[in-house]
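Report on the structure
Given next are the chains, with one letter for each unit.
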Amino acid sequence: MAGEERRFKIGYALLPKKENSFIRESLVNLAKSRGVDLVKIDRERPLVDQGPFDSVLHKLYGEDWKSQLEGFRSQNPNAVIVDSPDAIERLHNRISMLQVVSELKIENQSETFGIPKQIVIYDQETLFDNQAWELLKFPVIAKPLVADGSAKSHKMTLVFNRDGLSKLKPPIVLQEFVNHGGVIFKVYVVGDYVQCVKRKSLPDVSEEKLKTLEGSLRFSQVSNLPTHEKNDDQYYKMMHLEDTELPPQSFMTDIAKGLRKAMKLNLFNFDVIRDTRFGNRYLIIDINYFPGYAKMPGYEMVLTDFFCDILNMKEREKGLVEERCQKKIAGTDGRLLLNNSCEEEVRKTVTNSCCSDGEEMENSIQVGYFEISCSLLTTITWCSMLIMYILFAVALEIVPHLNPAKNVCENDAMGSPFEFRYLGFVSNWCINVAVEYQVLYIGQIWMLLDSKPFVLVLVSDAFLIAYASTVTYHGQSFTVILQ
């Protein structure tokens, strides 16, 4: 029906626990009021048999699901997948996860950032090898190497000394524990949106206190100490979380933008601590894909805005490409071209990651104009050369007795240089191009002959290659060295 609101359909595939925490009635209703319908994907049926979906939102793993997404994408090339399984997999390894942080370049004169010192332990033998510990000192946090969102991947241990190593089971990552005032900053990223919140974390461990601690302490998350530890620790009674200053928002936004571009992900958060030894030094200790957004204040509005942004961007890109295709075939019977070639261009233009802050959209739009510009420039160039060829050919016909081209060809065996002087009505541009690109850059070149007849000769590619190896320029004259 004409004028009817365009509605979008997003299929979501989440584990039951994630679905219960994320797909709340408040989110579903707000999205519906904005023209976006959230539809549950039936995991018992093939994905390609469901929909149609404008986008697929997922947090499932495994080769079978990855294969289903690839099959769906091949049949629905314009659908937006949030996010790419290959990009998500990088966060399943705690080493490759933080490697991207080390590669970021953020210009900031006031604050600095990085990651804590860490090593990977693959076996028990290495765990007790002193050489492997050269970079670290106690206390350390032991984390599973694999971070796939499972309960096991969240089991961590704060190790105070070597006695606490015996309970660890490799493969693990040992990360230096840095005192950070008992506060961790969680930075949520949803497309372009960035929000930083603060949570209670592990208390600082002083050198004196470390001497009294033995073994290790288990916990599920850095921001979740065991309940009895929280109640017994006077540190938390004295600390006022609300008084803790947040990191500069612009600084966190720059880091989030850099991570989003490098990882090609839309939905993630990263945990940040402030090193108490340096008030302006921040360390990123973890990155999580599709975190618990329901804990973020106002998450319904943020996620709904994100859904609308990626879907409307897809529609704008598709419309711009179709408009460009229509311009290409204007004035011709190009219905078949529009249906086939244009559709193919639309498929190439609409991106699935939407993670480059408009750069991909801008580049994809410019490609078509670049092709048109190159084609137009080539046409103009050839037409100009043809006109110049005709004009000078006519000139040579008018004064045939002054044409010494035959004499130049006859002297090819002499190997001697000939002087050619500047001819007034020939532009300096032609001369400059000829000299700069050493006559082989353009298909033909105008060469200046002896000053007596003042005749211009057009030399073809074949002649140029056969007889002229170099061209030098001296003031107002050329010297052509013949082979």
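Above this text is the structure in question.
Numbering of residues starts from 1 in each chain and follows the order in which that chain's sequence is written. Since the coordinates come from a predicted model, pLDDT governs what is reported: local features require at least 70, and pairs of side-chain atoms require 80 or more to be given and counted, while whole-chain, interface and lining totals use all residues. Hydrogens are left out, water is left out, and the side-chain values use all remaining heavy atoms of the structure.

Counting its secondary structure elements, the chain contains 16 helices and 19 strands. At a minimum sequence separation of 6, the contacts of the chain that also span at least 24 residues come to 70%. Just so you have it, the chain exposes about 26400 Å², and 54% of that area is on carbon and sulfur atoms. Strands are runs of DSSP state E lasting at least 2 residues, helices are runs of H or I lasting at least 4, and numbering of each runs from the N terminus. Here a residue-residue contact requires only that any non-hydrogen atoms of the pair lie within 4.5 Å. Areas reported here follow the Shrake-Rupley algorithm with a probe of radius 1.4 Å; residue values treat only the protein chains shown as occluding.

Moving on to the sheet that holds strand E13 (residues 267–274). In this analysis, strands are considered paired if DSSP registers two or more bridges between them. The 5 strands are arranged E5-E14-E13-E10-E11 in an open sheet whose pairing can be described as mixed. The open sheet has two free edges, formed respectively by strand E5 (112–114) and strand E11 (193–200), since each of these has just one partner strand. On average, adjacent strands in this sheet sit at an angle of 30° to one another, irrespective of strand direction. Summarising the sheet, strand E10 (residues 183–190) and E11 pair through 8 bridges and their orientation is antiparallel. Residue pairing for E11: Val183 is matched across the bridge by Lys200. The strands that helix H10 (residues 249–263) touches are E5, E10, E11, E13 and strand E14 (281–289); relative to E13, the one it contacts most, it runs at about 135°. For helices, the axis comes from a line fit to the C-alpha atoms of the stretch in contact; other axes are also lines fit to C-alpha atoms, and the angle between any two N-to-C directions lies between 0 and 180 degrees.

Another point: the environment of Ile106. The residue Ile106 is located in the loop between helix H5 (94–102) and E5 in this model. Through-space distance from the C-alpha of Ile106 to that of Phe251 is 8.6 Å; in sequence the pair is 145 residues apart. Aside from chain neighbours lying at most four places away, what touches Ile106 is Phe113, Phe251, Asp254 and Ile255.

Pairing is antiparallel in the open sheet, where 5 strands are placed in the order E6-E9-E7-E8-E12. Edge strands, defined here as strands with exactly one partner in the open sheet, are strand E6 (118–121) and strand E12 (216–219). Within the sheet, the average angular offset between the axes of one strand and its neighbour, ignoring direction, is 25°. Note: strand E8 (residues 156–159) against E12, 4 bridges, orientation antiparallel. Directly across from Leu158, in E12, lies its bridge partner Leu217. Packing against the sheet, H5 makes contact with E6, strand E7 (140–144), E8 and strand E9 (172–176), and its axis sits at approximately 155° to E6.

For the rest of this paragraph, the subject is unusual backbone geometry. With an omega of 0°, the peptide bond between Phe138 and Pro139 qualifies as cis. Along the chain, the position of Pro139 falls in the loop between helix H6 (124–127) and E7. Backbone torsion omega between Pro170 and Pro171 reads 5°, so that peptide bond is classified as cis. Within the secondary structure, Pro171 is located in the loop between E8 and E9. Positioned with a positive phi, Phe290 is a non-glycine residue whose angle comes to about 45°.

Here a Phe, Tyr or Trp ring, Trp counted by its six-membered ring, pairs with any other such ring whose centre lies within 6.5 Å, and the pair is stacked when the planes are under 30 degrees apart, edge-to-face when over 60, and tilted otherwise. The final tally for this structure, using the stated rule, is 10 aromatic pairs. Both rings, one in Tyr188 and one in Tyr293, keep their centres 6.0 Å apart while their planes meet at 50°; by these two values the pair is tilted. Here Tyr293 lies in the loop between E14 and helix H11 (299–328) and Tyr188 lies in strand E10, a separation of 105 residues in the sequence. Between Phe251 and Tyr282, the ring centres sit 5.9 Å apart and the planes meet at 55°, which makes this aromatic pair tilted.

Time to look at a positive patch on the surface. Each patch is built from residues lacking any salt bridge and having more than 30% relative accessible area; the joining distance is 9 Å for like charges and 5 Å for nonpolar side chains (Val, Leu, Ile, Met, Phe, Trp, Tyr). Salt bridge, as applied in this entry: a Lys or Arg side-chain nitrogen positioned within 4 Å of an Asp or Glu carboxyl oxygen. Counted charges follow a simple rule, with Lys and Arg positive, Asp and Glu negative, and His plus the chain ends left uncounted. Charge coordinates come from a single atom per side chain, which is NZ of Lys, CZ of Arg, CG of Asp or CD of Glu. Residues Lys152, Lys155, Lys167, Lys169 and Arg218 make up a contiguous surface patch of positive charge. Structurally, Lys169 can be placed in the loop between E8 and E9.

The next point concerns H10. One full turn of an α-helix is made of 3.6 residues, so residues set three or four places apart face in the same direction. Helices are assigned an expected span. That span is 1.5 Å times one less than the residue count. End to end, H10 covers 21 Å across 15 residues, agreeing with the expected 21 Å (1.5 Å per residue, within 8%). All of the buried residues in H10 are Phe251, Met252, Ile255, Ala256, Gly258, Leu259, Arg260 and Met263. One or two steps after H10, the chain reaches Lys264, where phi turns positive at roughly 60°. Burial classes follow relative accessibility: with a 1.4 Å probe on protein chains only, a residue under 20% of its type's maximum area counts as buried, one over 50% as exposed, and anything between as partly exposed.

With that settled, the discussion passes to a negative patch on the surface. Among the surface-exposed residues, Asp123, Glu125, Asp129 and Glu134 lie close enough to one another that they form a single negatively charged patch. Looking at where Asp129 falls in the secondary structure, it is placed in the loop between H6 and E7.

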